[in-house]
Amino acid sequence: MKHIDSAPSTPGKFKMEKSPYNNRLRLQSSIAKLTFWSFVFLGLIFVFFFRSSSSPSSLSSPVSSDLSRRSLRTSSYDGPNFEKRVRASSKIRSRNGISVLVTGAAGFVGTHVSAALKRRGDGVLGLDSFNNYYDPSLKKARQALLENSGVYIVEGDINDVALLRKLFDIVPFSHVMHLAAQAGVRYAMENPSSYVHSNIAGLVNLLEVCKSANPQPAIVWASSSSVYGLNTKVPFSERDRTDQPASLYAATKKAGEEIAHTYNHIYGLSLTGLRFFTVYGPWGRPDMAYFFFTKDILKGKSIPIFEAANHGTVARDFTYIDDIVKGCLGALDTAEKSTGSGGKKKGPAQLRVYNLGNTSPVPVSDLVSILERLLKVKAKRMIMKLPRNGDVQFTHANISLAQRELGYKPTTDLQTGLKKFVRWYLSYYVDGKKSSQ
Ligand SMILES: NC(=O)c1ccc[n+]([C@@H]2O[C@H](COP(=O)([O-])OP(=O)(O)OC[C@H]3O[C@@H](n4cnc5c(N)ncnc54)[C@H](O)[C@@H]3O)[C@@H](O)[C@H]2O)c1
Ligand SMILES: *[C@@H]1O[C@H](CO)[C@@H](O)[C@H](O)[C@H]1NC(C)=O
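Residue numbers restart at each chain and count upward from 1, following the sequence in its written direction. Whichever chain is written first is A, and whichever ligand is written first is 1; the rest continue in order. Selection of residues for local features in this predicted model requires a pLDDT of at least 70, selection of side-chain atom pairs for listing and counting requires 80 or more, and totals for whole chains, interfaces and linings are taken over all residues.

As named in an unreviewed UniProt entry, the chain is NAD-dependent epimerase/dehydratase domain-containing protein, taken from Penstemon davidsonii. UniProt positions are given in the numbering used here, feature names are shortened, and annotations may be inferred rather than shown by experiment. Turning to the chain, the UniProt record has this under Sequence similarities (unreviewed entry): "Belongs to the NAD(P)-dependent epimerase/dehydratase family."

With respect to unusual backbone geometry
With an omega of 0 degrees, the peptide bond between Asn-214 and Pro-215 qualifies as cis. Structurally, Pro-215 can be placed in the loop between helix 8 (192-212) and strand 5 (218-224). Omega for the bond connecting Val-234 with Pro-235 falls within 30 degrees of zero, at -10 degrees, which places this linkage in the cis form. Starting at the N terminus, helices and strands are each numbered in turn, a helix being any DSSP run of H or I of at least four residues and a strand any DSSP run of E of at least two. Position of Pro-235 relative to the elements: it lies in the loop between strand 5 and helix 9 (248-267). Although it is not a glycine, Phe-130 adopts a positive phi angle of roughly 50 degrees. Examined against the element boundaries, Phe-130 turns out to sit in the loop between strand 2 (123-128) and helix 6 (136-148). Positioned with a positive phi, Asn-310 is a non-glycine residue whose angle comes to about 55 degrees.

Side note on the pairing of strand 3 (residues 152-155)
Sheet topology note: the strand 2/strand 3 ladder contains four bridges and is parallel. Across the sheet, Gly-126 pairs through a bridge with Ile-153, a residue of strand 3. At least two bridges found by DSSP between two strands is the condition for calling them paired.

Some details on the site of ligand 1
Whether a residue is near a molecule or strand depends on its C-beta atom, generated from backbone atoms, being within 6 Å of that molecule or strand. Residues in contact with ligand 1 amount to 28 residues; listed here are only the nearest, Gly-104, Gly-107, Phe-108, Ala-181 and Ala-222. The element that contributes the greatest number of residues to the shell around ligand 1 is helix 5 (residues 108-119), accounting for three residues. Nonpolar residues are Ala, Val, Leu, Ile, Met, Phe, Trp, Tyr, Cys and Pro. Charged residues are Asp, Glu, Lys and Arg, and all others, Gly as well, are polar. Taken together, the residues of the shell around ligand 1 break down into 12 nonpolar, 12 polar and four charged.

Structural notes on the packing of helix 7 (residues 161-170) against helix 8
For helices, the fitted axis covers only the stretch in contact; all axes are lines through C-alpha atoms, and the angles between them, taken along N-to-C directions, range from 0 to 180 degrees. Packing of helix 7 against helix 8 leaves a shortest axis separation of 10 Å and a crossing angle of 35 degrees. Our pair here, helix 7 against helix 8, has a crossing hand that is right-handed. Contacts between helix 7 and helix 8 involve Val-161, Leu-164, Arg-165 and Phe-168 from the former and Asn-205, Leu-206, Glu-208 and Val-209 from the latter. Looking at the contact of helix 7 with helix 8, its residues break down into five nonpolar, one polar and two charged. Handedness of a helix crossing follows the sense of rotation of the near helix relative to the far helix, less than a right angle counterclockwise being left-handed and clockwise being right-handed. Any pair of residues counts as being in contact when their C-beta atoms, constructed from backbone geometry, are within 7 Å of one another.

Side note on the sheet that holds strand 6 (residues 271-276)
The strand order across the open sheet built from seven strands is 3-2-1-4-5-6-11, with neighbouring strands paired in parallel fashion. Looking at strand neighbours, the two that pair on one side only are strand 3 and strand 11 (351-356), the edges of this open sheet. Direction aside, neighbouring strands of the sheet carry axes that sit 20 degrees apart on average. With six bridges joining them, strand 6 and strand 11 adopt parallel strand pairing.

Digging into helix 8
Given a helix with a known number of residues, its expected span is that number minus one, times 1.5 Å. An ideal rise of 1.5 Å per residue puts 30 Å on 21 residues; helix 8 measures up with 30 Å between its terminal C-alpha atoms. Working definition for bend: take the seven residues up to and ending at a residue and the seven starting at it, fit an axis to each, and measure the angle between the axes. Considering bend angle alone, the principal kink of helix 8 is centred on Gly-202 and spans about 35 degrees. Exposure criterion: with C-beta atoms placed from backbone coordinates, a residue whose C-beta has 20 or more other C-beta atoms within 10 Å is buried, one with 12 or fewer is exposed, and one in between is partly exposed. When helix 8 is considered as a whole, its buried residues turn out to be Tyr-195, His-197, Ser-198, Asn-199, Gly-202, Leu-203, Leu-206, Leu-207, Val-209, Cys-210 and Lys-211.

Notes on the pairing of strand 4 (residues 175-178)
Because side chains alternate across strand 4, one face comprises the buried residues His-175 and Met-177, and the other comprises Val-176 and His-178, equally buried. Pairing analysis gives four bridges linking strand 1 (residues 99-103) to strand 4, with the strands arranged parallel. Note that in strand 4 the partner of Thr-103 across the bridge is His-178. Convention used here: a crossover is right-handed provided that the path from the first strand, over the helix, to the second strand proceeds clockwise when the strands point away from the viewer. Remark: the strand 4/helix 8/strand 5 crossover connection has right-handed handedness.

Some words on the confidence of the model for the chain
In predicted models, pLDDT denotes the confidence assigned by the predictor to each residue on a 0 to 100 scale. Of the residues in the chain, 82% reach a pLDDT of 70 or more, and the chain-wide mean stands at 88. Contacts for the low-pLDDT stretch residues 1-22, under 50 throughout, to residues beyond four places or in other chains number seven contacts. Every residue in residues 50-72 scores below 50 in pLDDT, and together they form 14 contacts with partners more than four places removed in sequence or on other chains.

Considerations on helix 14 (residues 414-431)
A rise of 1.5 Å per residue sets the reference length of helix 14, with its 18 residues, at 26 Å; its end C-alpha atoms lie 24 Å apart and thus fit the reference within 8%. All buried positions along helix 14 are accounted for by Leu-414, Gly-417, Leu-418, Phe-421 and Tyr-425. On an axial view of helix 14, the arc spanned by its buried residues comes to 90 degrees, and they lie on one face. Those residues of helix 14 that are exposed and angled more than 90 degrees off the buried face are Gln-415, Thr-416, Arg-423, Ser-427, Val-430 and Asp-431. Tucked inside the fold, the buried residues of helix 14 contact strand 7 (279-280), helix 10 (289-299), strand 10 (319-320), strand 12 (362-363) and helix 12 (364-375). Positive backbone phi, at 55 degrees, marks Lys-433, one or two positions downstream of helix 14. Arc definition: directions from the helix axis to the C-beta atoms.

Written out as structure tokens, the structure reads:
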């Protein structure tokens, strides 16, 4: 080995002595070199494959790129700090309190429901993907709001089964308030797969984890008034037909109701679907008419007001967020326990569906008049024909079932509710100088 040790760093300049010993040495050293470069080559191949399989490629479908991003993300959920935050947020602080996993907690309804549960002493853990369907900075601002009241929102997708299982391992949630979804009616023509991803695949993944959890939680989830679709019988009652959806969004919510039936039937999960009717209020959704009308009226931009055939009025049963929150809490509080265990049904479980509306439809042109008065700005109205791409002409809820069984009783009319919305809007976007994009 002495020879090798004394070899200069530039091998070409080393003059080999011609001896059998040296020949063997040369052979040995070239075998060593060959082995070395083979390892380097194999290493490069390995690195190449590893990187290309773990980085979302632009060619892969949205779902498979989600999968790879998910596996990278999950690692940040390890560690005692994560568990500590999850536990602290889920801690029940009142007698007879419940522990609730709220999906879509950085969303409009999710934020309000989470805050209300926390206020009365329940344990609340949020989960949200913070997707960019609308300005994620609004979701982050809602998250900061919840953070201040002690609610932690885990950033993750409801399709991440490993994450969901982990959360149930840490906390034996008694309830799940499932609000995560791809909302919006017209966006379904632009991005149909996002509806399948969140409202169908995501729902199934969540229910799969819930059915195997011990104990199984009771689940309350958001369906939609849009399931009534082309139904013309008013007011809409829970037993009316819901087999004529007018949008893919509505179809995925209807599918959700059927999926809920299946998981209730096979696994004994307690399931309650809430059909919300056009929810509005502070911290609302920028993609909804009352919200972008406000923005555009203030900017002096003209706003489209739809009318149906023969100048028919388009009307909505606008429901104020605080009323919806009371309905959600009423549903959680009256939910019976799931009956299954070990992933098996042990007996029949509760299966319910309720309308949560306001029972007073308001023409969209009246909505605009109220906004004009509150903003003290005249709107530039642009009357247009209602396109047949998802929106229905009117919605009107019969809420007698929710009234009877959940104690649901909406108390806020559109005028009062919009006043609170406008006050929030001005303080958030105008005084707060946040960009409304
Ligand atoms: N606001 C309404 O008028 C209305 C009417 C009928 C039904 N709904 C339903 O009520 C629920 C809440 O609606 P909202 O108005 O608060 O909407 P939102 O969009 O503000 O909230 C939904 C939240 O879910 C999150 N999310 C979406 N997909 C996810 C996924 N795969 N994994 C994790 N998080 C995900 C989003 O980031 C968002 O923060 C939704 O199910 C919606 O379909 C709302
Ligand atoms: C409202 O729904 C209830 C069932 O919950 C039904 O008995 C009642 O007839 C409905 N009312 C109207 C006006 O459709």
